[in-house]
Amino acid sequence: MQRKSVQGLLASAAVDAILLTSPANMRYAAGFTGEGYVYLSGHQKFVVTDARYTIAAREECRGFEIIEWNGKPYYEALKKALSCDVRDGTKPRLGIEEDNITLGTWDKLQKALGQDLADRIERVFLSQKLAELRYVKTSDEISCIEEAEAIGDRAFAKLLPHLRAGMTEKQVAAHLEYLMKEEGAEGFSFETIAASGFHSAMPHAVPTDKPLELGDFLTMDFGCLYKGYCSDMTRTIVIGRAGERQREVYQTVLDAQQAALEGIRPGMTGKEVDALARDVIKERGYGEYFGHSLGHSVGLEIHESPCFSEKEKTVIRPGMVITVEPGIYIEGFGGVRIEDVVIVTEQGCRDITHSEKKLIEIDR
């Protein structure tokens, strides 16, 4: 899904050419979903890939030349393109994704270009700039994220009647993924989390063969892809009847999330938003048990910037899409996390996650 023209991307990044190698940015700039690389300059724009992806690339990357690499030197097309761009005697600024390209790959690239050509190019690191260009989502991007989140909502609603004591965490995760696919997901944003009992005190627990038992918290964190865009949501329920302390912890997390949802305003920093929820948890005496940030942006990648965290100084703006996911995790007892995705608006935020948040008890 192309957001800016090539000229717009080059101007925003303050470079003469861009070499894209990360899947998210290749898709963002050119619509390309395969493996290879994308080159953009004021004179040329092309995708280099192999025979596995050439047909798809022609359909996805309208306006881009598709160059098939089959045994020829991988960077031959890039060498020719850069050679053209240095003919006028200038030293073009080539933007690269330093967070994605390895030192070994960069060494191979320089050798492929040749020392003379490599010396005539100014290397510019672009990872942060490209991330900033993706901070604010377009209406089309938001529509894709909303549909991905709606798929998660529908899958969760269909899962609830099947949950019961005796199911394993692995079975819960597998069933949830099946239902997301059934509802239209093209893939998953990340490995589904299903953590029960004491395991729920681990924010990123991996599903195991542990069976669900009466009295367990069950935390499910899951997301899917729709047209390349990610969803993310977490719900915590109780198998059987909740105890008094479980209800207290759950309500604290829910109240913290609600405080953030009601308080988010454009112009706040991510740190200020994080404090809206964190202060509630601290006031209830559970501050030491909330060890992660309040939220992260989502888009073509599941973890984007900016975040809602204690260190985030970025000012939030309308069109940013960010999770709100406070949690309390107590070793030997269990944990609760409740996560929604919100779109920052001119007045506050719009919550696009609609699954039930009142404490759900599965008494079977």
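Residues numbered from 1 in each chain as written. Predicted model: local features only at pLDDT ≥ 70, side-chain atom pairs only at ≥ 80, totals over all residues. Heavy atoms only, no water.

Trainee: It is not clear to me how the packing of helix H10 (residues 244-263) against helix H11 (residues 270-283) should be interpreted in this structure. Could you clarify?
Mentor: Packed helices, taken two at a time, are described by the angle between their axes plus the distance between the axes. The N-to-C vectors of H10 and H11 enclose an angle of 150 degrees; their axes lie 7 Å apart at closest approach. One way to sum up the angle between H10 and H11 is to call them roughly antiparallel. Crossing angle aside, the handedness with which H10 passes H11 is right-handed. Of H11, the residues touching H10 (which contributes Thr-252, Asp-255, Ala-256, Ala-259, Ala-260 and Gly-263) are Leu-276, Ala-277, Val-280 and Ile-281. When its residues are assigned to classes, the contact of H10 with H11 shows 7 nonpolar, 2 polar and 1 charged. (Axes fitted to C-alpha atoms, helices over the stretch in contact; angles between N-to-C directions. Helix = DSSP H or I, 4+ residues; strand = E, 2+ residues; numbered from the N terminus. Parallel < 35°, antiparallel > 145°, perpendicular 65-115°, else oblique. Left-handed = near helix turned anticlockwise from the far one by under 90°. Contact = heavy atoms within 4.5 Å. Nonpolar A, V, L, I, M, F, W, Y, C, P; charged D, E, K, R; others polar.)

Trainee: How do you make sense of the sheet that holds strand S11 (residues 229-230) when you look at a structure like this?
Mentor: Strands pair in a sheet through their backbones, by hydrogen bonds, and they do so in one of two ways: parallel or antiparallel. Overall, antiparallel pairing links the 3 strands, which are arranged S7-S10-S11 in an open sheet. Strands with a single pairing partner mark the edges of an open sheet, and in this sheet they are strand S7 (187-188) and S11. (Pairing = 2+ DSSP bridges.)

Trainee: I tried to follow the nonpolar core on my own but got confused; where do I start?
Mentor: The nonpolar side chains of soluble globular proteins are, as a tendency, buried together. Leu-294, Phe-308, Ile-316 and Val-324 are the most contacted members of the largest nonpolar core, which has 32 residues in total. Of all elements in the fold, only H10, H11, strand S15 (321-324), strand S16 (327-330) and strand S18 (340-344) reach the threshold of two or more residues within this core. Top contributing element to this core by residue count: H10, with 7 residues. Setting aside residues up to four positions removed in sequence, Val-324 forms contacts with Gln-257, Ala-260, Leu-261, Ile-264, Leu-294, Phe-308, Ile-338, Glu-339, Asp-340 and Val-342. Of all hydrophobic cores here, the second largest spans 25 residues; its members include Val-172, Met-220, Ile-237 and Ile-360. (Core = buried A, V, L, I, M, F, W, Y, C linked by side-chain atoms within 4.5 Å. Buried < 20%, exposed > 50% of the residue type's maximum accessible area, 1.4 Å probe, protein only.)

Trainee: In this structure, what is going on with the packing of helix H4 (residues 76-85) against helix H5 (residues 103-113)? I would like to understand it.
Mentor: Between H4 and H5, whose axes approach to 9 Å, the crossing angle comes to 60 degrees. When the interaxial angle is binned, H4 and H5 end up oblique. Note on packing geometry: the crossing formed by H4 with H5 is right-handed. Contact residues: Leu-78, Lys-79 and Leu-82 in H4; Leu-109, Ala-112 and Leu-113 in H5. Residues of the contact of H4 with H5, tallied by class, amount to 5 nonpolar, no polar and 1 charged.

Trainee: What am I meant to see in the pattern of salt bridges here?
Mentor: Pairing is possible between side chains that carry opposite charge, provided their charged atoms lie close to one another. Per the counting criterion, the structure on display carries 28 salt bridges. With a closest N to O distance of 3.2 Å, Glu-361 and Arg-241 form a salt bridge. Taken together, the residues span a long stretch of sequence, with Glu-361 in strand S20 (residues 361-362) and Arg-241 in the loop between strand S12 (233-239) and H10 at a distance of 120 residues. With a relative accessible area of 22%, Glu-361 lands in the partly exposed category. Among the ionic pairs, Glu-361 bridges to Arg-247, the shortest N-O distance being 2.8 Å. Taken as a pair, Glu-361 in strand S20 and Arg-247 in helix H10 lie far apart in primary sequence, 114 residues in all. (Salt bridge = Lys/Arg side-chain N within 4 Å of Asp/Glu carboxyl O.)

Trainee: Just to check I follow, could you spell out H10 for this structure?
Mentor: Given 3.6 residues to a turn, an α-helix orients residues that are three or four positions apart in the same direction. With 20 residues, H10 should cover 28 Å at 1.5 Å per step; its first-to-last C-alpha distance of 28 Å lies within 8% of that length. For H10, the set of buried residues is Gln-246, Val-249, Tyr-250, Thr-252, Val-253, Leu-254, Ala-256, Gln-257, Ala-260 and Leu-261. (Expected span 1.5 Å × (residues − 1).)

Trainee: Would you mind showing me how to read the pairing of strand S17 (residues 334-337) here?
Mentor: Both faces of the sheet carry side chains from a regular strand, because those side chains alternate between them. Neither face of S17 is left uncovered, since the one carrying Gly-334 and Val-336 and the one carrying Gly-335 and Arg-337 both have all their residues buried. Linkage of S16 to S17, two consecutive antiparallel strands, is achieved through a turn of 3 residues, within which Gly-332 is found at a positive phi near 85 degrees.

Trainee: I keep staring at the pairing of strand S9 (residues 217-222) and nothing clicks. Help me out?
Mentor: Summarising burial for S9: 6 of the 6 residues are buried, a large majority. Residue alternation in S9 divides its side chains into two sets, Phe-217, Thr-219 and Asp-221 and Leu-218, Met-220 and Phe-222, and both sets are buried. Two strands pair when backbone bridges link them, and strand S8 (residues 193-196) and S9 are joined in this way by 4 bridges, in the antiparallel orientation. Note that in S9 the partner of Ile-193 across the bridge is Asp-221.

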